[in-house]
Amino acid sequence: MQFIVHEHPVGRAATNYIARADLAPFGLEGQVEQLWLKAINDETYKVACVPFSVYGLALGDTVLLNDDDYVSAVVGTSRHRTLRFLFIPDLPASDLQPVAERIKAEITAAGLLSEWNGDRFVAVDVPPGVEPSGLFAVMEAVVNAGHAFWEWADAKPFASRS
């Protein structure tokens, strides 16, 4: 089993709970994402990280877990969206670094939260009512040049393997 982990979750706290999301329902058989959660009560948790791979989840969403500590359902939405951006693997580091720095600068300028997985993949939290046009413009130019891919994590609904 391959685990996708969050090294620096945006909602890290001393009392976080770590659970998993099975990625098989999204075509990633044998992969699991570890998610950081904040306990709300005995049965519900709020997502405390910006999801990298699981669809239909965003920062602040409320979820239920099954007995094996896998996310089993979304029971409340925060209305946040997750924008995911991945540089192509063969983009030379000399081309990657300046563009990645521009993206980081636009994320900061827009006041957004983000999490990087390595130096080629970022998940950005976009709260309701926020449209970071500067960030979109930089990302769109890189995608149009064929150097990256992007997607919204809510392009597919959350699903669990029951």
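Our subject is the structure that appears above.
Here the structure is a predicted model, which means the values were calculated and not measured. (Residues numbered from 1 in each chain as written. Predicted model: local features only at pLDDT ≥ 70, side-chain atom pairs only at ≥ 80, totals over all residues. Heavy atoms only, no water.)

A. Spotlight on the sheet that holds strand β8 (residues 113-116). In spatial order, the strands read β8-β9-β7-β10; together these four strands make up an open sheet with antiparallel pairing. In this open sheet, the two strands that pair with only one neighbour each are β8 and β10 (148-152). Direction aside, the axes of adjacent strands within the sheet are offset by 15° on average. As paired elements, β8 and strand β9 (residues 121-126) share four bridges and run antiparallel to each other. Note on β9: the bridge partner recorded for leucine 113 is aspartate 125. Across the face of the sheet, helix α1 (residues 93-109) comes into contact with β7 (81-87), β8 and β9 while running at roughly 165° to β7. Relative to β10, helix α2 (residues 133-144) is tilted by about 130°, and along the sheet it contacts β7, β9 and β10. (Pairing = 2+ DSSP bridges. Helix = DSSP H or I, 4+ residues; strand = E, 2+ residues; numbered from the N terminus. Axes fitted to C-alpha atoms, helices over the stretch in contact; angles between N-to-C directions. Contact = heavy atoms within 4.5 Å.)

B. Local environment of the pairing of β7. Taking burial as the measure, the seven residues of β7 include five buried ones, the bulk of the element. Across six bridges, the pairing between β7 and β9 is antiparallel. Counterpart to arginine 81 in the pairing with β9 is valine 126. Sheet topology note: the β7/β10 ladder contains five bridges and is antiparallel. Bridge pairing links leucine 83 to tryptophan 152 in β10. (Buried < 20%, exposed > 50% of the residue type's maximum accessible area, 1.4 Å probe, protein only.)

Worth remembering: the numbers are spatial, not functional.
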